[in-house]
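Architecture and fold: a report
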Amino acid sequence: MAAPQDETLLSRCEVPIIDLAHIVAGTDGCPMKSVVRRIGQQLFAALNGKGLAMLVNHGIADEKLKAVYADLDNFCALPEGCQAQYLRNPVSNHGYVRPGMEQFDSTKKELRHSFNITTLSAAAFPAQEEVPEFTQHAVPLAHDLTNLSRVLLQALAYALGLPPATLLGSHAGMLRSDGVNPSSMRLLYYPPVPPDDGPCCRDGGYTRCGAHADRCTFTLLAQDSEGGLEVKLNGSEKWQAVGHLPGAILVQTGELLASWTTNLLPALMHRVVVPAGAYARARGRHCVAFFCHPDDGATLPQLQLPALAPAPAPPVFTPHTHLTLHHRLLNAAHHLQKRFRETYA
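An account of the accompanying structure is given in this report. (Residues numbered from 1 in each chain as written. Predicted model: local features only at pLDDT ≥ 70, side-chain atom pairs only at ≥ 80, totals over all residues. Heavy atoms only, no water.)

This part is about the pairing of strand β6 (residues 184-190). Summarising burial for β6: seven of the seven residues are buried, a large majority. Residues of β6 alternate between two faces, with Ser184, Arg186, Leu188 and Tyr190 on one and Met185, Leu187 and Tyr189 on the opposite face, all of them buried. One ladder, built from five bridges, connects strand β5 (residues 113-117) with β6; its direction is antiparallel. The residue bridging histidine 113 from the neighbouring strand is tyrosine 189, located in β6. As paired strands, β6 and strand β14 (residues 285-292) are joined by seven bridges and run antiparallel to one another. The residue bridging leucine 187 from the neighbouring strand is valine 288, located in β14. (Buried < 20%, exposed > 50% of the residue type's maximum accessible area, 1.4 Å probe, protein only. Helix = DSSP H or I, 4+ residues; strand = E, 2+ residues; numbered from the N terminus. Pairing = 2+ DSSP bridges.)

Glancing now at the packing of aromatic side chains. Within this structure, the stated rule accounts for six aromatic pairs. Where phenylalanine 75 meets tyrosine 96, the ring centres are 4.9 Å apart and the plane angle is 70°; that geometry is what we call edge-to-face. Here phenylalanine 75 is found in helix α2 (residues 62-76), whereas its partner tyrosine 96 is found in strand β3 (residues 95-97), with 21 residues between them in sequence. For the pair phenylalanine 75 and tyrosine 96, a shared accessibility class is recorded, and that class is buried. Ring geometry for phenylalanine 115 versus phenylalanine 134: centroids 5.2 Å apart, planes at 55°, classification tilted. Of this pair, phenylalanine 115 sits in strand β5 while phenylalanine 134 is found in helix α4 (residues 134-159), placing the two residues 19 residues apart along the sequence. Given the relative accessible area of 0%, phenylalanine 115 is considered buried. Phenylalanine 134 sits in the buried class, given a relative accessible area of 1%. (Phe/Tyr/Trp six-rings, centres within 6.5 Å; stacked < 30°, edge-to-face > 60°.)

For the rest of this paragraph, the subject is the packing of helix α1 (residues 33-49) against α4. In a pair of packed helices, the angle between the axes and the distance between the axes together describe the arrangement. Look at α1 against α4: their axes get within 7 Å of each other, and the N-to-C directions meet at 80°. It follows that α1 is roughly perpendicular to α4 by the angle criterion. Facing Lys33, Val36, Arg37, Ile39, Gly40, Gln41, Leu43, Phe44 and Leu47 of α1, the residues of α4 in contact are Leu152, Gln154, Ala155, Leu156, Tyr158 and Ala159. Partitioned by chemical class, the residues of the contact of α1 with α4 number 10 nonpolar, three polar and two charged. (Axes fitted to C-alpha atoms, helices over the stretch in contact; angles between N-to-C directions. Parallel < 35°, antiparallel > 145°, perpendicular 65-115°, else oblique. Contact = heavy atoms within 4.5 Å. Nonpolar A, V, L, I, M, F, W, Y, C, P; charged D, E, K, R; others polar.)

Strand order in this open sheet of eight strands is β1-β2-β12-β9-β14-β6-β5-β3, and the pairing throughout is mixed. What marks the edges here is a single partner per strand, and that holds for β1 (17-19) and β3. Strand after strand, the sheet turns through a mean of 25° between neighbouring axes, direction not considered. Bridge analysis of β1 against strand β2 (residues 52-56) gives three bridges, and the strand direction is parallel. Following the sheet pairing, isoleucine 17 is matched in β2 by methionine 54. Its contacts with the sheet put α1 on β1, β2 and β12 (249-253), and the angle it makes with β1 is roughly 170°.

In strand β13 (residues 269-272), alternate side chains face the same way, and those of His270 and Val272 are buried while those of Met269 and Arg271 on the opposite face are not. Pairing of strand β8 (residues 209-212) with β13 involves two bridges; the strand directions are antiparallel. Bridging from a neighbouring strand, histidine 212 pairs with histidine 270 of β13. Note that strand β10 (residues 229-232) and β13 share four bridges and pair antiparallel. Within β13, the position partnered with glutamate 230 by the bridge is arginine 271.

Structure below.
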């Protein structure tokens, strides 16, 4: 059972907060090595202890997020025939995902629109006459989140005892449109919940996103104030509301990073639930998620991990210990395709 609405991990000061004011300058600056190293230590401690953290002063303006939220609303208001031109491509994973096309919880109807962005080619976005400025707003935000991911990859490399360019090199193809890297920026809109007059509502038959762990290196999540995100902290079976910190971006470990670090940095199960109360249920929820993946053919080096007690086993996907790290990366690519097949109808 979830925690009460006013009781969140943030309200109990259980989410580490990492200040990036000295590490980014609009997310494209060149931070000092000592600052990156310090942020890496903080990030490692947060992901090891909690599996997530809040990033503040990251250099991405809230207005950029609000602009893409509005663009997605306008896209969702288009006739279905217009939307159908942009349906998700199962090979590239780029495009629009209607409610019901992607399912994490087979027992409930998931109320969610999303637009996956895996290429920044203008031809892959809604036309100007259909959703004015969709491309002009989405592409700069995608660049910002890619650059922020690069900063975090450098910081993580320091924390893992690697040269700072190591993880940058293995993630070099993010959003490069050549198909060698599955990283994506996902625009999400959770519409208002239908009135409590149907069997689905009476039986609790709706949710916004079923429980899952992300299948990537890490996820960046920017969200509005509507709430609903819940996680199971590592070693716990209790669902807990995360809460909202204005202007912050949440970072959480993905399954691949959990596997590579032998679950020293655990990937958390999480979900988005339908809020309680008629007012909250009648409001939509928006967020932007950036899934940072390594290149399909990347090779990650052997880690000399700190002598910390290993965390409990990750919820999904632990490669066999005899596999080389190169094979783990190949396994991860196959795992990603398998998970796509499982979640997309």
